[in-house]
Amino acid sequence: MEKIIGLIDAPFTPFYEDGEVNYEPIAAYAAMLAKNGLKGVFINGSSGEGYMLTEEERMKLAERWIEVAPEGFKVIVHVGSTCVKSSRRLAEHAQKIGAWGIGAMAPPFPKVGRVEELVKYCEEIACGAPNLPFYFYHIPAFNGAFLSMVTFLEAVDGRIPNFAGIKYTYESLYEYNQCRLYKNGKFDMLHGQDETILPCLAMGGAQGGIGGTTNYNGCNLVGIIDAWNAGDLEKARELQNFSQEVINVICHYRGNIVGGKRIMKLIGLDLGKNRTPFQNMTDEEEARLKAELEAIHFFERCNKF
């Protein structure tokens, strides 16, 4: 299977003031991401509040992203759900409409506590779109699935024909690298933590990733890879350190899903508020967020339209 080279963005879902999905900004959104060096999108995931969308909304979002995607821009659809039948239906839809790939994280309920449970879950979903690459989205902080990913690869190997790899969003760079080395790099290991892109490049094998702060800081994160490939370690370090400064700011405002989404408004693309039960930012918090970003000269370096 084709391995992803470069960074894929995990976009936010736009909402109107009344909480309904707003599909109108997606064309401009896709164009902006492509302009800033992103290679595609992984929609309806954690950044996109996917578990708070209806099946119909998720399908319509997938259709809209595919409709407006620039040439060569990959659209990967997160189809994970607490109901595996819903996940399979979403997978079938993604294949039907021409998505590049699909993915799923472990369900938040019931908690997956054994590798075999996770393999079975992925297997039932992946067979709904047998012609598309399937990625497991490893983010145990969201669902408590603190399982060995090396053991998972061993168990899934040869069992799911369209299994492509893992979006790895966890702190263990050791385990990430062990997964990358499995059978001489058989599977695509997509780096999932924007704060540690450079260490994974330094270990010698990271080629692609999926990020959340790429929505507004993508040009700098892409720049880390470009600088590394050019042999400019000092530039890569500076860009990684700056990217961590941006993350430090959003951590003051309930993280990327809440604080990061508000940054989109500040750079010129208002995507609305978050759905309940997220606690949205107040106007006072927005003003403080803007001031903190100005202090690190973010608006001089962020994604541009």
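Definitions and limits used
- Within any chain, residue numbers begin from 1 and follow the written order of that chain's sequence.
- In keeping with the predicted nature of the model, local features appear solely for residues at pLDDT of at least 70, side-chain atom pairs appear and are counted solely at 80 or more, and the whole-chain, interface and lining totals rest on all residues.
- Just so you know, side-chain values use all the structure's heavy atoms and leave hydrogens and water out.
- UniProt positions are given in the numbering used here, feature names are shortened, and annotations may be inferred rather than shown by experiment.
- Here a helix means four or more residues in a row that DSSP labels H or I, a strand means two or more in a row labelled E, and each is numbered from the N terminus.
- Here the term cavity refers to a set of points on a 1 Å grid, laid over the protein atoms alone, in which a 1.4 Å probe fits but cannot get out; the term pocket refers to an open set having protein on both sides within 12 Å along at least five of seven lines, with lining residues being those that place an atom within 4 Å of a point.
- Contact between two residues is taken to exist if any of their heavy atoms lie within 4.5 Å; hydrogens are not considered.
- Categorising residues by exposure relies on relative accessible area from a 1.4 Å probe, with only protein chains included: less than 20% of the type maximum marks a residue as buried, more than 50% marks it as exposed, and the intermediate range marks it as partly exposed.
- Here the arc refers to the set of directions running from the helix axis out to each C-beta atom.
- Grid points are joined across faces, edges and corners, and a volume is the space filled by probe spheres set on the points.
- Gly falls in the polar group here, along with every residue not listed as nonpolar (Ala, Val, Leu, Ile, Met, Phe, Trp, Tyr, Cys, Pro) or charged (Asp, Glu, Lys, Arg).
- Whenever a helix is involved, its axis is fitted only over the stretch in contact; in every case the axis is a line through C-alpha atoms, and angles between N-to-C directions fall within 0 to 180 degrees.
- Small angles under 35 degrees read as roughly parallel and large ones over 145 as roughly antiparallel, with 65 to 115 read as roughly perpendicular and the rest as oblique.
- Should the near helix be turned counterclockwise from the far one by less than a right angle, the crossing is left-handed, whereas a clockwise turn marks it as right-handed.

### Some remarks on the UniProt feature "binding site: pyruvate" (unreviewed entry) in the protein chain
The sites that UniProt annotates as "binding site: pyruvate" (unreviewed entry) are Ile210. Tracing the sequence through the fold places isoleucine 210 in strand 8 (residues 208–211).

### Concerning the UniProt feature "active site" (unreviewed entry) in the protein chain
When the UniProt feature table is mapped onto this chain, "active site" (unreviewed entry) is found at Tyr137 and Lys167. Taken together, the annotated residues stretch across 31 residues yet fold into one region, lying no more than 4.6 Å apart by C-alpha. Of the annotated positions named here, the largest pocket is lined by Tyr137 and Lys167. With near-sequence residues (within four places) excluded, tyrosine 137 lies in contact with Phe42, Ser46, His78, Ala104, Met105, Ala106, Lys167 and Thr169.

### Focus: helix 1 (residues 26–35)
By the burial criterion, the buried members of helix 1 are Ile26, Tyr29, Ala30, Met32 and Leu33. One face of helix 1 carries all of its buried residues, which in axial projection span an arc of 165°. Elements that come into contact with the buried residues of helix 1 comprise strand 1 (6–9), strand 2 (40–43), helix 2 (55–68), helix 9 (214–229) and helix 11 (255–266). Downstream of helix 1 by one or two residues, glycine 37 has phi in the positive range, about 100°.

### A word on empty space enclosed by the protein
In total, this model carries three cavities of 30 Å³ or more according to the counting rule given. Space inside the largest cavity adds up to approximately 80 Å³. What lines the largest cavity is simply Leu7, His191, Asp194, Ile197, Cys200, Leu201, Ala206, Gln207, Gly208, Gly209, Ile210 and Ile225. Tallied by class, the residues present in the lining of the largest cavity amount to seven nonpolar, four polar and one charged.

### Here's the deal with the packing of helix 1 against helix 2
Where helix 1 meets helix 2, the closest approach of the two axes is 9 Å, and the angle between their N-to-C directions is 55°. With respect to helix 2, the element helix 1 is oriented oblique. In the packing of helix 1 onto helix 2, the handedness of the crossing is right-handed. Contacts from Ile26, Ala27, Tyr29, Ala30 and Leu33 in helix 1 reach Leu61, Arg64, Trp65 and Val68 in helix 2. Its residues assigned to classes, the contact of helix 1 with helix 2 shows eight nonpolar, no polar and one charged.

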